[in-house]
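Read off the chains here:
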Amino acid sequence: MYKTLVLDIETVGTSRQDVIDYIAANIKPPATYKKAESIEAWYKEQGPAAIAEEVAKTSLSGAFGQVVCIGYQLDDMESPFVMHGLNERELLEGFSKMLLECVDQKDAFATTVVGHNASSFDLRFLVQRYIVNGIRPPSVIRRAADAKPWEAEKVFDTMVQWAGVGNRISLDKLCLALNIKSPKGEIDGSKVGEFVAAGRISEVADYCRDDVTATKAVYQRMTFS
């Protein structure tokens with residue numbers, strides 16, 4: 001029976017043209033712009049950058065963003081494994097297949113998902129993307145996503161367990177506090193989209209793997225395990 005599933009995901013903004021068109025159609029200049037000529041100039045000069053910024057922000061939205069990496073480590077694995085790719089459906093199906101093979105239905109309700117900010121981001125985002133893609137979320141993921149942030153037997157969110165519900169601490173700072181090697185290097189969450197767009201998704205996968213390693217180390221320190 002598995003006791004823990006340490007999890008981390010990396011996401012990028014939408015690539016759906018209909019969503020991009022919707023964002024573009026709803027972009028507006030600041031309210032301080034009143035004259036027609038200044039509004040027109042804003043759309044021409046600053047509009048494209050404003051659209052690009054809003055598209056990038058969808059990386060934080062399970063409605064429109066996309067999962068490109070799923071890093072995980074079950075408690076009997078010597079090191080994390082990362083699944084990555086630009087075909088989100090295949091990625092989610094592959095993750096489900098792994099969980100079905102490794103965590104049966106009975107174990108799913110006795111397995112704790114461990115992650116940093118997993119309660120409010122990773123788990124909810126995953127469930128939403130499963131739904132968008134028309135795939136039933138794996139039981140262990142659904143159970144953890146539906147749990148209250150403080151239900152540590154279902155989801156041990158290292159940020160919540162350290163800082164408390166509603167408070168925040170970055171994984172980088174928590175690693176510093178506990179004298180654990182930080183996963184942060186050239187890449188951080190804000191640069192994932194840039195790296196993927198540049199064809200450097202394998203480096204994003206390495207970053208995701210380091211996040212899983214650091215999160216597991218933090219979890220073990222916090223639980224004295």
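In what follows, the structure referred to is the one given above.
Everything quoted here is computed from the prediction, not taken from an experiment.

### Quick word on the pairing of strand β2 (residues 66-74)
The element β2 is largely enclosed, with a buried count of nine among its nine residues. In the sheet, strand β1 (residues 4-12) pairs with β2 via eight bridges, with the strands oriented antiparallel. The residue bridging Glu10 from the neighbouring strand is Cys69, located in β2. Bridge analysis of β2 against strand β3 (residues 81-84) gives four bridges, and the strand direction is antiparallel. Of the residues in β3, the one forming a bridge with Gly71 is Val82. Turn length for the β2-β3 hairpin, with the two strands adjacent in sequence and antiparallel, is six residues.

### Section: the environment of Ser15
In this fold, Ser15 is placed in the loop between β1 and α1 (17-26). In sequence terms Ser15 and Thr58 are 43 residues apart; their C-alpha atoms lie 9.8 Å from each other. Sequence-distant contacts of Ser15, defined by excluding residues within four places in its chain, comprise Ile20 and Gln66.

### Some details on the state of the cysteines
Going through the model one piece at a time under the given rule, you end up with zero disulfides. Sulfur of Cys69: no disulfide; nearest cysteine sulfur belongs to Cys208 and is 5.3 Å away.

### Focus: the side chain of Thr215
Mapping Thr215 onto the fold places it in helix α11 (residues 201-223). Setting aside residues up to four positions removed in sequence, Thr215 forms contacts with Val6, Val114, Gly115, His116, Thr158 and Leu171.

Quick notes on the rules
Residues numbered from 1 in each chain as written. Predicted model: local features only at pLDDT ≥ 70, side-chain atom pairs only at ≥ 80, totals over all residues. Heavy atoms only, no water. Buried < 20%, exposed > 50% of the residue type's maximum accessible area, 1.4 Å probe, protein only. Helix = DSSP H or I, 4+ residues; strand = E, 2+ residues; numbered from the N terminus. Pairing = 2+ DSSP bridges. Contact = heavy atoms within 4.5 Å. Disulfide = S-S within 2.5 Å.

Remember that the coordinates give geometry; whether it matters functionally is a separate question.
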